[in-house]
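# Architecture and fold: a report
The residues making up each chain are set out below.
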Amino acid sequence: MRILVLHGPNLNLLGRREPSIYGSTTLADINSALEQQADAIGIALETFQTNAEHALLERIHNAAADGFDGILINPAAWTHTSVALRDALAACGLPLVEVHLSQPSARESFRHVSLVADLAAGRVEGFGADSYRLGLEGLVAVVRAAADRASE
Ligand code: DQA
């Protein structure tokens, strides 16, 4: 199984960006914890962060052809604004899980809207860096269940 982990804009600043909201864990810490988790459960994982929306869209367009089975994504601010991101995720057809470090649903009202939530198999928010760990666990279960159904 191959999972693509996508991080949206400003997440490269984790660790020094509003630590009272996002904590002190850096993106490198999060990626290395996900890589260890992937090793432990015997799956492959690739991580990608960008501040350029077109670069994120292109990774999503190519995800299935690149051999990925599922997408774990923190779309960051684009969660609330990007119809283009939503359309790319819908088009790619892969199972996805949406994660957030903070709890957008308990913050400003403009963060209450997620344009991708209804495309996702599940959403994990509010657990800091642990949201990614829990999200990956959920996504792996979803991909395995789909593979089991396909082989029946
Ligand atoms: C975020 C929440 C978003 O509202 C915000 O724009 C982010 C980070 C989170 O992980 O908590 O950049 O996705």
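The structure presented is a predicted model; accordingly, all values stated were derived computationally and were not measured.

## Describing the site of the ligand
Every residue near the ligand is listed here: R17, Y22, N74, A76, A77, H80, H100, L101, S102 and R111. Between S102 and the ligand, the recorded distance is 2.6 Å, taken from a side-chain N or O atom to an oxygen atom. The separation between an oxygen atom of the ligand and a polar side-chain atom of R111 is 2.9 Å. Contact with the protein chains removes 99% of the 320 Å² of surface that the ligand exposes when unbound. With respect to the pocket detection grid, the ligand is positioned in the largest pocket. Tallied by class, residues from the shell around the ligand come to four nonpolar, four polar and two charged.

## Observations concerning helix α3 (residues 53-62)
Turning to α3, its buried residues number three or more, namely A55, L56, L57, R59 and I60. Contacts made by the buried residues of α3 are with β1 (2-7), β2 (44-49), β3 (70-74), α4 (78-81) and α5 (83-92).

## Topic: the packing of aromatic side chains
Summed over all chains, the structure comprises zero aromatic pairs. If you follow R2 out to its NZ or CZ, it ends over the ring of F68, 4.3 Å from the centre. Its guanidinium or amino end placed over the ring of F48, R59 lies 4.9 Å from that ring's centre, counting from NZ or CZ.

## Looking at unusual backbone geometry
Even without being glycine, N10 reaches a positive phi, approximately 75 degrees. Structurally, the position occupied by N10 is in the loop between β1 and α1 (19-22). With relative accessibility at 33%, the residue N10 sits in the partly exposed group. The backbone of A76 shows a phi angle near 50 degrees, a positive value even though the residue is not glycine.

## Thoughts on helix α6 (residues 130-151)
Helix length check: α6, at 22 residues, gives a terminal C-alpha distance of 32 Å against a target of 32 Å (1.5 Å per residue), a fit within 8%. Those residues of α6 not exposed but buried are S131, Y132, G135, L136, L139, V140 and V143. All buried residues of α6 fall inside an arc of 160 degrees around its axis, so they share one side. Where α6 is buried, its residues contact β1, α2 (27-41), β2, β3, β4 (96-100) and β5 (122-125).

## Focus on the pattern of salt bridges
Where charged atoms from two side chains of opposite charge approach closely, those side chains can pair. A complete count under the given rule lists nine salt bridges for this structure. Between R86 and D118 there is a salt bridge, and its shortest N-O distance comes to 2.7 Å. Placement of R86 in helix α5 and of D118 in the loop between β4 and β5 is noted, with a sequence separation of 32 residues between them. Judged by relative accessible area, which is 25%, R86 ranks as partly exposed. Judged by its relative accessible area of 57%, D118 is exposed. R111 serves as the salt-bridge partner of E108, at 2.7 Å between the closest nitrogen and oxygen. Given a relative accessible area of 16%, R111 falls into the buried group. The structure contains a network of salt bridges with shared partners spanning R2, E46 and R59.

## Topic: the sheet that holds β1
Ordered by their spatial adjacency, five strands build an open sheet running β2-β1-β3-β4-β5, and the pairing between neighbours is parallel. The open sheet has two edge strands, β2 and β5, and neither has a second partner. If you compare each strand with its neighbour and ignore which way they point, the axes differ by 15 degrees on average. For β1 and β2, the ladder comprises six bridges, and the chain directions are parallel. Looking at β2, one finds that H7 is bridged to Q49. Most of the contacts of α2 go to β2, to which it runs at about 165 degrees, and overall it touches β1, β2 and β3.

Each value, and the rule that gives it
Residues numbered from 1 in each chain as written. Predicted model: local features only at pLDDT ≥ 70, side-chain atom pairs only at ≥ 80, totals over all residues. Heavy atoms only, no water. Near = heavy atom within 4 Å. Polar contact = N/O pair within 3.5 Å; in protein donor to acceptor, adjacent residues only side chain to side chain. Areas by Shrake-Rupley, 256 points an atom, 1.4 Å probe, with all protein chains shown as cover. 1 Å grid on protein atoms, 1.4 Å probe; cavity = no way out; pocket = protein on both sides within 12 Å on 5 of 7 lines; lining within 4 Å. Sits in = over half its atoms within 2 Å of the grid points. Nonpolar A, V, L, I, M, F, W, Y, C, P; charged D, E, K, R; others polar. Buried < 20%, exposed > 50% of the residue type's maximum accessible area, 1.4 Å probe, protein only. Helix = DSSP H or I, 4+ residues; strand = E, 2+ residues; numbered from the N terminus. Contact = heavy atoms within 4.5 Å. Phe/Tyr/Trp six-rings, centres within 6.5 Å; stacked < 30°, edge-to-face > 60°. Lys NZ or Arg CZ within 6 Å of the ring centre and 35° of its normal. Expected span 1.5 Å × (residues − 1). Arc of directions from axis to C-beta. Salt bridge = Lys/Arg side-chain N within 4 Å of Asp/Glu carboxyl O. Pairing = 2+ DSSP bridges. Axes fitted to C-alpha atoms, helices over the stretch in contact; angles between N-to-C directions.

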